[in-house]
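Survey of secondary and tertiary structure
Here is what each chain is made of, one letter per residue.
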Amino acid sequence: MSMLGLLATMKLGEATSGGGFWMPESASTVAPEVDSVFYFINNINYFFFALCMVILIWFAFRYHAKPSEHATFAADAPTHNTPLELTWTVVPLLLVGVIFWLGMDGYLELNESPEDAYEVQVTGQKWSWTFQHPEFGVTEAAELTVPLNKPVRLIMTSSDVLHSLFIPAFRVKNDVVPGRYTSLWFEANKPGQYRLYCAEYCGKDHSKMLAVVNVLPEDEFQTRLGKLAREYEDIDDRDLPAYGLTRLYNRCASCHSLDGSSGTGPSFKGLWDRTRKGTTVFTNGQDLKDLAGPGGEFEVPENYLRDSILNPQRHIVQNYTGSMPTFKGQLKERQIDALVLMIKNLDRLVDEQGVPIENPDLEGADISTGAGQ
Amino acid sequence: MSQVHIQGDEHGHDHPEFLAHHWSSPVQQFEAGKLGMWLFLATEILLFGGLFVAYAVWRSNHPEIFAYGSQFLDTTWGAINTAVLLTSSMTMAMAVTFAARGKMKAVVVTLILTLMGAGGFMAIKYVEYSHKFHEGFYPGLSFYEEPEASHLWLPLEETAIAHKDAVAAHEAAGSAALAAEDAARAELPAAPAEAQVWNQPKAGLGPEGLTTDQELLDTAELAIFLPPSVLGNIEDQHEEVAFAEHHAPGEQVHLSHPLQDPERPVNAQKFFTIYFLMTGLHGIHVVVGGIVILWLLILTLRGRFSRKYYTPVDLGGLYWHIVDVIWIFLFPLFYLI
Amino acid sequence: MTTINTQPLDRPAIEGDNYLTHSRGFLSWILTLDHKRIGVMYLVSVLACFLLGGLFALAVRTQLLVPDGLIMDQDQYNQAFTLHGGIMVFLVIIPGIPAALGNFVLPIMLGAKDVAFPRLNLFSYWLWIVGAIFLVVSIFAGLDTGWTFYTPYSIDQNSAMGGVIPAVTGAFLLGFASIFTGMNFIVTIHRLRPDGMTWFRMPLFLWSLYATAVIQVLATPVLGITLALLAVERAFGIGIFNPALGGDPVLFQHFFWFYSHPAVYIMILPAMGVVSELIAVHSHRHIFGYHFIAWSSIAIAIFSFLVWGHHMFTSGQSPLMNVIFSFITFSVAIPSAVKVFNWLATMYKGSISWNTAMLYGMGFIFLFLIGGLTGLYLGTLATDVYLHDTYFVVAHFHYTMMGSALIGFIGGLHHWWPKITGKMFNENAGRIAFFLFLIGYNMTFFTQFMLGSHGMPRRYATYPADAGFQNYNIISTIGSYLMAISFFMMAGYFIASIFGGKRAAANPWGGRSLEWQCSSPPPHDNFSEQPAVGDCYDFSVLRWDEATQGYVWREDVEHPGHHTEEAAHA
Ligand code: HEA
Ligand code: HEA
Ligand code: CUA
Ligand SMILES: [Cu+2]
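The following refers to the structure shown. (Residues numbered from 1 in each chain as written. Chains lettered and ligands numbered in written order. Predicted model: local features only at pLDDT ≥ 70, side-chain atom pairs only at ≥ 80, totals over all residues. Heavy atoms only, no water.)

Moving on, we come to the pairing of strand β9 (residues 192-198) of chain A. Residues and elements named next belong to chain A. Bridge count for strand β6 (residues 163-167) against β9 is 2 bridges, and the pairing is antiparallel. From the neighbouring strand, L165 faces β9, where its bridge partner is C198. Across 5 bridges, the pairing between β9 and strand β10 (residues 211-216) is antiparallel. For G192, the partnering residue across the bridge sits in β10 and is V215. (Pairing = 2+ DSSP bridges. Helix = DSSP H or I, 4+ residues; strand = E, 2+ residues; numbered from the N terminus.)

Shown next as structure tokens:
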């Protein structure tokens, strides 16, 4: 039975950083402390569990009797024993006192971030994470790059419902609440990649609201963010569509597919065709055509795409709900350009199945965003 | 023998028809009824307790809304209602006493008086509520739908006259350019008589949250949380507000109704929401109480109660008192402070 | 003056007159005021809901066999676990023991003819049915908020789900059904205790029902008003929980847990009461530390109101609050510990029958130890921050809710089954099903501790393939199938017993509380004579009687007799 398995692999009080029977790999400075509290409770629990089970099984066998043997009932068995009962009230009381204290200690440490922490702003939205590095002016999605051996503080908020940022390897978690900031901090002490989950139920794709934490040594960290900061500036106009696909599409991927299958949002495949022809129908019955053209809301169709990214609630495509979050303030102008261009040139970037083509041929591609017209 | 049975003995074997089979004596049945009623009242208090907590949290988070909102409640009506309810509580207590003494006629009279109190209370509530609705103080977001009594009143007539005067003055002073400018202003078309504007609900983020202007959500973001009907309204209003601003640039727009007061705190609907929730729930209790009293009245008229058995009157009385007591708390919380 | 009736304890059931045969016809059931029939109706309804909730659970488990999900898409999965949780909590485990078993047993144990307010009792049943219909209807509306209804998700107009308002209405009605049951029990215990039934002579099951009733009456109204606020918020946008309107979404969590934490003790306390009976009766041994057990129920009821914040350690509430809540949380562990040790001590020098019911009693201790002890990691701040909203919590509450509360219910069902139906079920089938259950159960949920401590968040329809979760999930799913088989077996032998079971003696297990003094099944009005109350845990006066296959009064001990109607009223 599972209990035997448990006893066989029991690790008493040892917090392994490589991952043990109970706790997984740990990679932050607070992790060993959390683990040690965990193992401390573990030991108490093993003790009481074993104690009670041994007594239970022993008595069950020792005093087993068939009904016909119930001729006489033990009249001498005690019905109470106050000192004994007080003992088993007070001993656990003392023990839980200790557990409480240790837990509080560890918690307060988790809670007080060091002064000099490196700050990252985190936005949770259905169903993706955005990480902004104010120091570098860089925004990452689905990946959080942090320096090694340096305290990092995440300041988090949500643009829709509750989420919760959870990095098991660092043993940290905090809810992300719309309308207020919450924060957590950690100091990663092992380079590598770690998983980041959304731990508070947030609707349909809650289980896909994942990201990766990338811990890099300080110098590599600097180079990488420096590069990210300039990434889209340095980029040639011609490369923008490909940049949109490789670097930005991951934020849309949870809702928009590339292969024509509809998800939470309409697929990007065929989107440009529809937009250009104005055949898109909205929930209020309007056609995109009604709004397009000179004097209309969208003089050029590209503006519709742009508006869909910045003000998604304005026009809701038929058969969908307005669940797309706005990306206002999260994408730079050039990044929006890149996305629009990506959508426009999607046929050249991906194949029929929506798989990105290596070295796409963008010769003669339309790389105007409509801004100049 | 236990107490219960000694009491049972008192009443001997005459199992009266009101005594259900599982009781051994009327006293036991009565005591049980009373305990049951008290427990029920405890749940009632806790039910309201939840709302009182909500009230407290809201109030401490947004004191300005409460200060603002309570000025629209009519203290006089509130006070009258308090008096009505207190009086009816007194007549109810009298009914119970009379019942205990077996004076059934007096019970009928006092029950009728109590019933009138309940009716009076609801009548006054009706007056108050309809007045609020007329002014557009709805609970929830309908607060932001166009109130019946509100009209945007643009002072265009006056400005036009003022500008005409200014044209004359400038012409007299020989300043053609300025005169032309004023003339142009005076020519602006007047606002349509029916133009209505209300302020869009500026949504603050959470209580401890971000309160600086730039962090206020705009409509698009707000949309996630708002029903489409309200959203549509907001969109429509944009144009009218723009219109008003266009016609009276820089002017303080005069609004005929405090609801449209630009000084009105953000989320003022909350005050009215909790007001309607709490007084509404209380009102429901008054109605239920009224029905109970009516039922008691009918039973009394049918001669179902006697000095020996008037448990329902007693319990009904308890219920009525608690309804009263809850009002005693609601009145100051909403009307006075 | 008291005439002593020396009729033997095992009076044969008066053929043709018991509560089942007293009157016939559909109406005589659905309009019955008899607490026993109402209890049976509750029992049937609750078990039906258990089946439904269990089927959803199997769907959930099947989905998680493979990382990408086997049978459902994300939305369907979210609906499945929501309905599973909602049904199990509101329709199975909260009404399970109090409303079904309690209704049946409480008045008889007390020596009363009925509960204090039979009409209210019937009303509460029908209220419950209406509430249940509302809740189940929300399936079709696609309710997917989780059983916790957290805002602002539950008021978000744009997420692809409806059903919040029907579900919330349902839960509201169910809450009031529960309140009325609680009120009825409190008044019954206060006012209908017959001669000699002093507070400290009451069987411990009654103590636990009393403590439960107090929580039901005091906590449930707050849930009612919270859900009402939620419905109004969703329908009209009042702005109390809506951050976009200056509301506070976390406030909802406070309201919700203020009820729902005490609610977990509404679930466990009656089960603990049942277990106190099971252990004492089937060990044929005076309960050890009666007063400690009785008072610990009351202590749990009181403390349970003060710890709700431990569900919100990571919600962003202030660290000071967290510390306080963590501290108080531990105080609840102590009365629970007291009970566990007292049960064990009760077995000492007992004379233990390995009846199915006793196996469930011991199984309860085993599983509750795991469930309760893992509660300690969650009450501890540092570790809860890590474990919160992972499968560790899922495992914890299944060990407590299913492994303990539900097992208490099932154990009680076995214990009182002969009394309720007048038939004996097949003990061997019972024992086999128990061990199958135990194996399946631990396979299902012990692995979930591992999943949780390795970081798998709960409410996940899919999980990363390379995170090492799959193996545990496979074991867990297989376990859940074994467990399902065990429950189907149980349903099988219970149903078989009704048609072909041996007739039950009045006292097949050797209990001394009053329900074992009336025939099986009990007559319509329980006792035609006031039964004499003695020490309900003094089993030394009973002996096994091979002829009736039940326990009877020992000939060499003087029988206190029954107070006859005449005696009572003389
Ligand atoms: C019947 C139901 C039940 C019961 C009895 C309990 C019992 C306890 N629970 Fe549990 N709990 C739930 C049902 C229950 N719980 C549910 C449903 C949830 C999650 C809801 C959701 O989010 O969906 C939950 C979640 C939950 C959390 C929040 C976790 C999170 O979301 O992060 C916490 C945190 O403190 C907690 C703690 C405890 C504690 C300390 C006990 C204690 O009462 C346990 C006491 C018992 C013992 C300790 C064992 C016996 C003692 C001994 C043998 C003596 C030796 C012991 C010592 C040394 C102390 N529970
Ligand atoms: C009492 C409460 C209870 C019970 C008994 C169960 C029983 C089970 N639960 Fe449940 N569970 C919850 C309460 C309960 N659960 C709650 C509250 C949640 C949280 C929901 C949320 O997050 O919102 C949850 C969530 C939950 C999850 C997590 C989902 C997620 O987070 O993604 C999982 C996953 O494995 C699970 C599995 C199971 C399984 C396999 C069973 C099995 O043990 C079920 C086995 C039962 C059967 C197969 C039915 C058989 C019945 C009959 C044949 C008829 C009976 C007749 C007689 C006995 C006479 N449950
Ligand atoms: Cu975001 Cu779950
Ligand atoms: Cu709890």
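From this point, things continue past the structure.
All right, on to the site of ligand 1 then. Taken together, 32 residues surround ligand 1, and among them Y265(C), D384(C), H388(C), H396(C) and R458(C) come closest. Two or more chains meet at ligand 1, and those chains are chains A and C. In this structure, an oxygen atom belonging to ligand 1 sits 3.3 Å away from a side-chain N or O atom of H310(C). A distance of 2.6 Å separates an oxygen atom of ligand 1 from a polar atom in the side chain of D384(C). Elements represented by at least two residues in the shell around ligand 1 include exactly α3 (82-111) of chain A together with α7 (249-283), α9 (319-347), α10 (356-379) and α12 (391-421) of chain C. At 8 residues, the largest contribution of residues to the shell around ligand 1 is made by α10(C). When the residues that make up the shell around ligand 1 are grouped by side-chain class, the tally is 20 nonpolar, 10 polar and 2 charged. (Near = heavy atom within 4 Å. Polar contact = N/O pair within 3.5 Å; in protein donor to acceptor, adjacent residues only side chain to side chain. Nonpolar A, V, L, I, M, F, W, Y, C, P; charged D, E, K, R; others polar.)

We now examine a negative patch on the surface. On the surface, a cluster of negative charge is contributed by E33(A), D105(A), E109(A) and E112(A). You can call E112(A) exposed: its relative accessible area is 58%. (Patch = residues over 30% accessible without salt bridge, like charges linked within 9 Å, V, L, I, M, F, W, Y side chains within 5 Å. Areas by Shrake-Rupley, 256 points an atom, 1.4 Å probe, with all protein chains shown as cover. Salt bridge = Lys/Arg side-chain N within 4 Å of Asp/Glu carboxyl O. Lys, Arg positive; Asp, Glu negative; His and termini not counted. Charge placed at Lys NZ, Arg CZ, Asp CG, Glu CD. Buried < 20%, exposed > 50% of the residue type's maximum accessible area, 1.4 Å probe, protein only.)

Here we take up the packing of aromatic side chains. Under the definition given, this model contains 86 aromatic pairs over all chains. Centroid distance F47(A) to F48(A): 5.3 Å. Interplanar angle 80°. Geometry classified as edge-to-face. When the ring of F437(C) is compared with that of F487(C), the centres are 5.7 Å apart and the planes differ by 65°; the resulting orientation is edge-to-face. A residue pair is termed long-range when its members are at least 10 positions apart, and F437(C) in helix α13 (residues 427-453) and F487(C) in helix α14 (residues 470-500) qualify at 50 residues. The buried category is assigned to F437(C), whose relative accessible area is 1%. Against the face of F166(A) rests K173(A), its NZ or CZ located 4.0 Å from the ring centre. (Phe/Tyr/Trp six-rings, centres within 6.5 Å; stacked < 30°, edge-to-face > 60°. Lys NZ or Arg CZ within 6 Å of the ring centre and 35° of its normal.)

So, on to the coordination of the iron atom of ligand 1. For the iron atom of ligand 1, the protein contributes exactly one donor atom, H396(C) (NE2), at 2.2 Å. Separation of the iron atom of ligand 1 from the copper ion (ligand 4) amounts to 4.6 Å. (Donors = N, O, S within 2.8 Å, 3.2 Å for Na, K, Ca; no water.)

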